[in-house]
Amino acid sequence: MKVLKFGGTSVGSVKSILSLKKIVEAEARTQPVVVVVSALGGITDKLIATSQMALKGDERYREEFDQMVARHHQMIDTIITDPQKRVDLVNKVDALFEQLKSIYFGVYLIHDLSEKTQDAIVSYGERLSSNIVAALVKGGKRMNARDFIKTEQKGSKRVLATEPTNQLVKEAFKEMPQVAVVPGFISRDKDTGETTNLGRGGSDYTAAIIAAALDAEVLEIWTDVDGFMTADPRVIKTAYTINQLSYVEAMELCNFGAKVIYPPTIYPVCVKNIPIKVKNTFNPEHPGTLIKAKIEDDRKPIKGISSIKGTTLITVTGLSMVGVIGVNRRIFSCLAENGVSVFMVSQASSENSTSIGVRDEDAQAAVNVLNAEFAKEIETGAMFPMHAESGLATIAIVGENMKHTPGIAGKLFGTLGRSGISVIACAQGASETNISFVVDGRFLRKSLNVLHDSFFLSEYKVLNLFICGVGTVGGRLIEQIRSQYNELMQRSGLKLNVVGIASSKAGIYSRDGIDLENYRELLKQSEPSNCERLRDEVIGMNIFNSVFVDCTASKEVAALYQTFLEHNISVVAANKIAASSDYDNYARLKRTARDRGVWFRYETNVGAGLPIIGTINDLRNSGDKILKIEAVLSGTLNFIFNEITADTPFSETVHRAKEQGYSEPDPRIDLSGTDVIRKLVILTREAGYQIDLPDVEKHLFVPDEYFKGSVEDFWKKLPALDAGFEERRKQLEAEGKRWRFVATMEGGKTSVSLKEVSRSHPFYTLEGSNNIVLLTTERYKEYPMQIQGYGAGASVTAAGVFANIMSIANI
């Protein structure tokens, strides 16, 4: 036979209770079943709240009572189609409500609510629901749980009277009906006969007690979720159902906030080795989670992550604790005597402090109790007053295979550290099935997500991206991410989740991800934005595995990098300003990224999508030394000097560069060599030399006066240079040479200048807007390493940024 337990949500609506009917009747065709039911969803809380209103003399308790009556009547009228059966059921239900009404009125009159009366009141929820289910299900027979579930008083607690209960259950079910419907939660005192209950989660407990006493084939817990999840799906979108758990794993997850079943439920069936199956009333086809003693082919070290919000950590500390026997006994005894539950303990090996985790609502009582217990020691200075830190959260990772897998704790704390999350206290038992730790409550969501992702509990790895700049490069990048999204999910198990997109005027942010099909329309509809809002949104989201991607040329945006890195947000920059800023700032950014375990990547600062910076780093990391760099780094200037002919003067090629999008709107920015100088400074720094922008020696080909005044003045004066350029061009043509604007670094000394290169030089054949870099190193001394290709263009630059993002994802 089977025992099926249905929770409040499973009997709380017409849809769910009709699903219950279908499930039970299908099971009853092949074997007898015991159906244990909770009160209709929300009714137990309403019974308690109404009793408190009556106790205070608030006449509105009658309205609350009438609402409960109406809800049960409406349920009966909807689901019971047989007129006579409906009348009979209404009479039974109304008789129970008359009793309840009298109790409430008594409480209202005398303003007294004893524990005995409160127990009687809350019992009506299950008494009502079990009558409804018994009438609804074909062959259903209601059995009174109070006849065979017995409790007894032990000290200040009421506990199950195990032996008489087991005996009475066996006697009650000696002649097993095909469908026995039992109200969960409620019980009776074995001595006084008064109505009692099994406490929070008591319906689960009722079902487990019956299943164990009758040696059931299986205990099925029907609820509103598909089973135990790897984590809370409301926090972690990628959480999924765990197929199988051991009893120990299920108990650990329940104790730390996984509210799927009530922890004591597991004990009675665990002793009898009866499996528990957790299933969804609203999705009965789903296989759910099977809980049993031993799991076959179980290779995952971590099964699930659970958490408790609202944690307070109380630290008991003092020099008198060292080596003194009995201090911990006093701590836990006085807390237990005052009804304070401790769910985590962490003690220093020096014995001078013990930290205990309690719920926020118990914190003040715990502090008062402990201060009173150790009042003498505190007065003499042997111990310090209790220190309580609230606003925390406790997280537990659970899995029996942790004991067979070295490095789990190291991976756990390393993962948290790289995400900027500090562990305040931690605890692990010798059984190694649970590692529990306390973090700042603000970082709970981030902690859960990064751990879920890190321990391969997610079906795919998630990288959360903030993209700043939606111009040519930023727009192309977003399009490339959109087009590769599904491919990366399927081939690499990687989800690129764009959670923020900002332009110079607006910004959109969503933790769940932004629709990349119509982000421009969303930007138009969004609120105005600036750098302050951008910073606050990125940091405020506090999301795990996050990368800030800068596709702007903004000095203000570059100034945010340090703050982002300090908050463990990696930075990928197409923007050259930060990497070529003051050396101290550049070094600080690199150092912060390294110290925080995040990444500062800027490969596209030089050569767009060409692997120049990465190659230099690889050479240095493998022990090579960069001796000399020679490079043509301006696609704009290369285009200009390739276009000059007898028919196309210098001034015309500058116009063409602007019209074809190679140069800036003000071409003087390109002609001044500023961009090349920035790139040279970046390469020199990557080569291991300390340098700033003013250190670069400049030999420009346009006189200084051309850089003064307006752009219009510049265009008017520019043709005056044509004759000189043409005269020199003819001479170069005769000599078989060409112009190239070359950036040079040798031994840390840097310069930029217009050079004449011969046919034998690698720079001679450089076409269009291509870039080229020659690296002379201790290993590549006779024949320098050559890197050449497109050095400009939105698509290749966006692809280079994308490659930097992927390099972070693949680490």
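Keep in mind that what you see is a predicted model, and the values were worked out from it rather than measured.

All right, on to the overall build of the chain then. When helices and strands are counted, the chain shows 28 helices and 30 strands. A compact globule built from 811 residues would reach a C-alpha radius of gyration of about 28 Å, whereas the chain, at 37 Å, exceeds it by more than 25%. Seen through its C-alpha atoms, the chain measures out along the principal axes to roughly 115 × 75 × 55 Å. For the chain, the residues scored as buried account for 52% of the 811 residues in total. Long-range pairs, those at least 24 residues apart, make up 71% of the contacts in the chain between residues at least 6 apart in sequence.

With that out of the way, let us pick up the packing of aromatic side chains. Using the criterion set out here, one finds 22 aromatic pairs in the structure. Where F6 meets W222, the ring centres are 5.9 Å apart and the plane angle is 15°; that geometry is what we call stacked. Of this pair, F6 sits in strand β1 (residues 2-6) while W222 sits in strand β9 (residues 218-223), placing them 216 residues apart in sequence. Accessibility expressed as a relative area gives 2% for W222, which makes it buried. Ring centres 5.8 Å apart and planes at 55° place the aromatic pair F641 and W739 in the tilted group. Linking F641 in helix α22 (residues 635-643) with W739 in strand β27 (residues 737-746), this pair joins segments that are 98 residues apart in sequence. Each member of the pair F641 and W739 is classed as buried. Ring-pair connections join several aromatic residues into one group, and the members of that group are Y61, F65, F97, Y104, F105 and Y108. Geometry around Y108 places R62 over its ring, the cationic atom sitting 5.2 Å from the centre.

Take the nonpolar core next. Counting residues in hydrophobic clusters, the biggest one holds 99 residues, and the most contacted among them are I397, L451, F548, I629 and F650. Broken down by element, the residue count for this core peaks at six residues, all from helix α25 (residues 674-686). By size, the runner-up hydrophobic cluster in this structure holds 54 residues, among which are L198, I209, C254 and I261.

Pairing between sheet strands relies on hydrogen bonds along the backbone, with the strands arranged either parallel or antiparallel. The strand order across the open sheet formed by four strands is β5-β4-β7-β8, and the pairing between neighbours is mixed. The open sheet has two edge strands with one neighbour each: β5 (157-160) and β8 (195-197). Averaged over neighbouring strand pairs, the angle between their axes works out to 50° when direction is ignored. Sheet topology places strand β4 (residues 150-154) next to strand β7 (residues 186-189); two bridges connect them, and they run parallel.

Taken together, six strands build an open sheet; the order of strands is β26-β28-β27-β25-β29-β30 and the sheet is mixed. What marks the edges here is a single partner per strand, and that holds for β26 (697-699) and β30 (785-790). Geometrically, the sheet is characterised by an average inter-axis angle of 20° between neighbouring strands, direction not taken into account.

This paragraph deals with the pattern of salt bridges. Using the criterion set out here, one finds 36 salt bridges in the structure. Of the charged contacts in the structure, one is a salt bridge between K5 and D204, with a shortest N-O distance of 2.8 Å. Of this pair, K5 sits in strand β1 while D204 is found in helix α7 (residues 202-213), placing the two residues 199 residues apart along the sequence. Given the relative accessible area of 5%, D204 is considered buried. We note a salt bridge from R656 to E643, for which the minimum N-O separation is 3.0 Å. One end of the pair, R656, is in helix α23 (residues 650-659); the other, E643, is in helix α22, with 13 residues separating them in the sequence.

So, about the pairing of strand β29 (residues 770-777). Across a regular strand the side chains alternate sides, sitting on one face of the sheet and then on the other. In terms of residue burial, β29 counts as a mostly covered element, since eight of its eight residues are buried. Burial along β29 is two-sided: the face carrying N770, I772, L774 and T776 and the face carrying N771, V773, L775 and T777 are both buried. Taken together, the six bridges between strand β25 (residues 626-632) and β29 define a ladder with antiparallel strand orientation. Note on β29: the bridge partner recorded for V632 is I772. For β29 and β30, the ladder comprises six bridges, and the chain directions are antiparallel.

The next subject is the pairing of strand β20 (residues 494-502). With nine of its nine residues buried, β20 lies for the most part within the structure. As paired strands, strand β19 (residues 461-468) and β20 are joined by eight bridges and run parallel to one another. Within β20, the residue paired with K461 across the bridge is L494. Tracing the backbone out of β19, into helix α15 (residues 472-492) and back to the parallel element β20 gives a crossover that is right-handed. Where β20 lies against strand β21 (residues 507-509), three bridges are found, and the strand directions are antiparallel. Bridging from a neighbouring strand, G500 pairs with Y509 of β21.

The next subject is the packing of helix α10 (residues 327-337) against helix α11 (residues 360-373). Relative orientation of the contacting elements α10 and α11 amounts to 130°, with a least axis distance of 10 Å. In terms of orientation, α10 and α11 fall into the oblique class. In the packing of α10 onto α11, the handedness of the crossing is right-handed. Facing R330, I331, C334 and L335 of α10, the residues of α11 in contact are A366, V369, L370 and E373. Its residues placed into classes, the contact of α10 with α11 shows six nonpolar, no polar and two charged.

Rules and cut-offs
- Residues numbered from 1 in each chain as written.
- Predicted model: local features only at pLDDT ≥ 70, side-chain atom pairs only at ≥ 80, totals over all residues.
- Heavy atoms only, no water.
- Helix = DSSP H or I, 4+ residues; strand = E, 2+ residues; numbered from the N terminus.
- Rg over C-alpha atoms; globule rule 2.2 N^0.38 Å.
- Buried < 20%, exposed > 50% of the residue type's maximum accessible area, 1.4 Å probe, protein only.
- Contact = heavy atoms within 4.5 Å.
- Phe/Tyr/Trp six-rings, centres within 6.5 Å; stacked < 30°, edge-to-face > 60°.
- Lys NZ or Arg CZ within 6 Å of the ring centre and 35° of its normal.
- Core = buried A, V, L, I, M, F, W, Y, C linked by side-chain atoms within 4.5 Å.
- Pairing = 2+ DSSP bridges.
- Axes fitted to C-alpha atoms, helices over the stretch in contact; angles between N-to-C directions.
- Salt bridge = Lys/Arg side-chain N within 4 Å of Asp/Glu carboxyl O.
- Right-handed = clockwise from strand over helix to strand, strands pointing away.
- Parallel < 35°, antiparallel > 145°, perpendicular 65-115°, else oblique.
- Left-handed = near helix turned anticlockwise from the far one by under 90°.
- Nonpolar A, V, L, I, M, F, W, Y, C, P; charged D, E, K, R; others polar.

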